[in-house]
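Each chain is listed here by its residues.
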Amino acid sequence: MTPKRVLTDRAAALPALAEAFRTHGFDGASLAVLSKATGLGKGSLYNFFPGGKEEMMAAVLDDIDRWFDAAIFRPLEDDPDPAAAVASMFDVVSGYFLSGRRVCVVASLGLNAAGEVFAARVRKYFARWIAALAACLARGNVPPPQAAELAEAAVSGIQGAIVLTRALGDEAAFRRAIDRLCATLLGAIERGG
């Protein structure tokens, strides 16, 4: 029998909490579900997260923000090669969302009433992604209005591809959508608009 994993700090609990919120949503992730996912008793969860489920979700969102900042946003904002940054974004996103099999926790919060508590965080996440991508495209000589439009279409297309892939049970749908979006953005950079 495999020994039960013992989590010794908040940070160690975040991946399990994130998966529980992905699977059950904020409302459906009861303390019993979160306890089972982390292997921590309810008392230990409250010890690490005295603010309860809202603090747990806030910590998960902080962790997601840090990851997206390092892996998506900063490369889009800083890479001197816009085409390479765009191609990398699509590769990283595909891996992160497991080719559409993994729900976007941030997007799922925006779909229900529980998201009201985190509405500003959800807006900030998507606004930064769109702005970073638009700035990258603009560095690739895509006119700013078109860059903003393409960035918004790409981010919404990625989120839609996740939903479609899960609904159809067809991982290839995600890959096709990602490939189309990537080709569209790279084509705009190549043409300069």
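Everything discussed here concerns the structure shown above.
Source: prediction; values computed, not measured.

Caption draft 1: Region of the structure containing the environment of Ile-178. Inspection of the secondary structure assignment puts Ile-178 in helix α9 (residues 171-191). The exposure class of Ile-178 is buried, given its relative accessible area of 0%. Distance in space between the C-alpha atoms of Ile-178 and Phe-48 is 38 Å, their sequence separation being 130 residues. In contact with Ile-178, other than residues within four places in its own chain, are Phe-90 and Ile-158.

Caption draft 2: Expanded view of the packing of helix α1 (residues 10-28) against helix α4 (residues 52-78). With their axes 9 Å apart at the nearest point, α1 and α4 run at an angle of 105 degrees to one another. Relative to α4, the element α1 lies roughly perpendicular. Along the contact surface, α1 presents Arg-10, Leu-14, Leu-17, Ala-18, Phe-21, Arg-22, Phe-26 and Asp-27, while α4 presents Lys-53, Glu-54, Glu-55, Met-56, Met-57, Ala-59, Val-60, Asp-63, Ile-64 and Arg-66. Grouping the constituent residues of the contact of α1 with α4 by class yields ten nonpolar, no polar and eight charged.

Caption draft 3: Main features of unusual backbone geometry. Positive phi, normally seen in glycine, also occurs at Asn-141, with a value near 70 degrees. Tracing the backbone shows Asn-141 in the loop between α7 (119-139) and α8 (144-168).

Caption draft 4: The packing of aromatic side chains, seen in detail. For the structure on display, the rule yields 13 aromatic pairs. Taking 6.2 Å as the distance between ring centres and 65 degrees as the angle between the ring planes, the aromatic pair formed by Phe-73 and Tyr-125 counts as edge-to-face. Of this pair, Phe-73 sits in helix α4 while Tyr-125 sits in helix α7, and the two are 52 residues apart along the sequence. Comparing Phe-73 with Tyr-125 shows no difference in burial state: the two are buried. Between Tyr-125 and Phe-126, the aromatic rings sit 4.7 Å apart at their centres with planes inclined by 80 degrees, giving edge-to-face as the arrangement. This pair shows no difference in class: Tyr-125 is buried, exactly as Phe-126 is. Taken together through their ring pairs, the aromatic side chains of Trp-67, Phe-68, Phe-73, Tyr-96, Phe-97, Tyr-125, Phe-126 and Trp-129 make up a single cluster. The ring centre of Phe-26 lies 4.6 Å from the NZ or CZ of Lys-53, which sits over that ring.

Caption draft 5: Representation of helix α2 (residues 31-38). All buried positions along α2 are accounted for by Leu-34, Ser-35 and Thr-38. Relative to the axis of α2, the buried residues are bounded by an arc of 100 degrees and lie together on one face. Where α2 is buried, its residues meet α1, α3 (42-48) and α4. One or two steps after α2, the chain reaches Gly-39, where phi turns positive at roughly 80 degrees.

Conventions used here
- Residues numbered from 1 in each chain as written.
- Predicted model: local features only at pLDDT ≥ 70, side-chain atom pairs only at ≥ 80, totals over all residues.
- Heavy atoms only, no water.
- Helix = DSSP H or I, 4+ residues; strand = E, 2+ residues; numbered from the N terminus.
- Buried < 20%, exposed > 50% of the residue type's maximum accessible area, 1.4 Å probe, protein only.
- Contact = heavy atoms within 4.5 Å.
- Axes fitted to C-alpha atoms, helices over the stretch in contact; angles between N-to-C directions.
- Parallel < 35°, antiparallel > 145°, perpendicular 65-115°, else oblique.
- Nonpolar A, V, L, I, M, F, W, Y, C, P; charged D, E, K, R; others polar.
- Phe/Tyr/Trp six-rings, centres within 6.5 Å; stacked < 30°, edge-to-face > 60°.
- Lys NZ or Arg CZ within 6 Å of the ring centre and 35° of its normal.
- Arc of directions from axis to C-beta.

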